[in-house]
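Here's the letter readout for the chains.
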Amino acid sequence: DHSLRDSVIKVNNYTTFRNGYTGFRFVKLEAVGGDITLSGVCAAFDHRDIEFKGDFECNDELINKIYDMAVYTLGLNTREGFFDGIKRDRWVWGGDAYQSFLANYYLAFDTDTVRRTMRILHGADPINMHVNTIPDYTFYWVISLWEYYIYTGDKKFIASAYADMRSLLSFAEGRLSKEGLYERRGGDWVFVDWADCFDKDSGPI
């Protein structure tokens with residue numbers, strides 16, 4: 001059951017979600033207890049005004065539809081940073097952000113959101129955990145900084161983020177094995193994929 005359940009609050013004649021904004025594909029409304037009548041339903045479409053400049057079209061209509069949905073989804077998830085989804089976490093995750101960066105460079109070239117996302121993911125010094133507690137995402141952050149420069153040539157931001165990069169790398173270097181390889185430590189969530197065929201829990205603790 002992957003449904004998202006929420007309760008609503010009624011103030012005068014206006015009813016809203018308890019947990020603030022959320023996203024949905026389908027909605028089932030149920031009255032639980034009391035004498036409740038439904039007089040009307042509306043949903044607010046909250047989004048940023050983004051100009052998509054890139055485009056794609058081929059002779060396979062299914063691929064075109066997939067592309068259109070992907071662009072629409074990226075737009076919905078472009079908030080203060082590139083969110084992982086508007087339906088569930090509604091937060092910035094390094095792996096999701098990394099993919100969003102690459103799509104964004106082609107579609108919108110929204111460098112402001114890239115920079116904000118990088119700042120959110122890094123957090124404040126001193127660093128005592130990986131980005132989102134996931135070693136892979138720390139390394140994605142460093143790769144993202146390099147690719148940001150490749151796509152933008154923005155030396156000013158690179159200079160301002162250099163100390164952040166060093167703090168992340170220093171943290172990672174402190175967890176290397178004697179052979180100089182990265183090892184999983186307690187508190188690390190080694191993420192490769194959700195697939196069960198990957199053993200994400202083995203390794204030194």
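Report follows, based on the coordinates. Just so it is clear, the model here is predicted, and its values are computed rather than measured. (Residues numbered from 1 in each chain as written. Predicted model: local features only at pLDDT ≥ 70, side-chain atom pairs only at ≥ 80, totals over all residues. Heavy atoms only, no water.)

One can find Tyr151 in helix α4 (residues 135–152). Tyr151 has contacts with Leu102, Tyr105 and Phe109, leaving out every residue within four places of it along the chain. (Helix = DSSP H or I, 4+ residues; strand = E, 2+ residues; numbered from the N terminus. Contact = heavy atoms within 4.5 Å.)

Tallied over the entire structure, the rule returns 11 aromatic pairs. Measuring from centroid to centroid gives 6.3 Å for Trp93 and Trp189, while their planes differ by 85°, and the two rings are edge-to-face. Here Trp93 is found in the loop between α1 (61–76) and α2 (94–107), whereas its partner Trp189 is found in the segment after α5 (155–173), with 96 residues between them in sequence. Plain terms: the ring middles of Tyr137 and Tyr140 are 5.9 Å apart, the flat faces sit at 40° to each other, and that makes the pair tilted. (Phe/Tyr/Trp six-rings, centres within 6.5 Å; stacked < 30°, edge-to-face > 60°.)

Moving on, we get to the pattern of salt bridges. One side chain can pair with another of opposite charge once the charged atoms of both are near each other. Scanning the model with the defined rule gives five salt bridges in all. Salt-bridge contacts for Arg48 lead to Asp110; the nearest nitrogen and oxygen are separated by 3.5 Å. Placement of Arg48 in the loop between β2 (14–17) and α1 and of Asp110 in the loop between α2 and α3 (111–122) is noted, with a sequence separation of 62 residues between them. Accessibility expressed as a relative area gives 29% for Arg48, which makes it partly exposed. Among the ionic pairs, Asp112 bridges to Arg115, the shortest N-O distance being 2.2 Å. (Salt bridge = Lys/Arg side-chain N within 4 Å of Asp/Glu carboxyl O. Buried < 20%, exposed > 50% of the residue type's maximum accessible area, 1.4 Å probe, protein only.)

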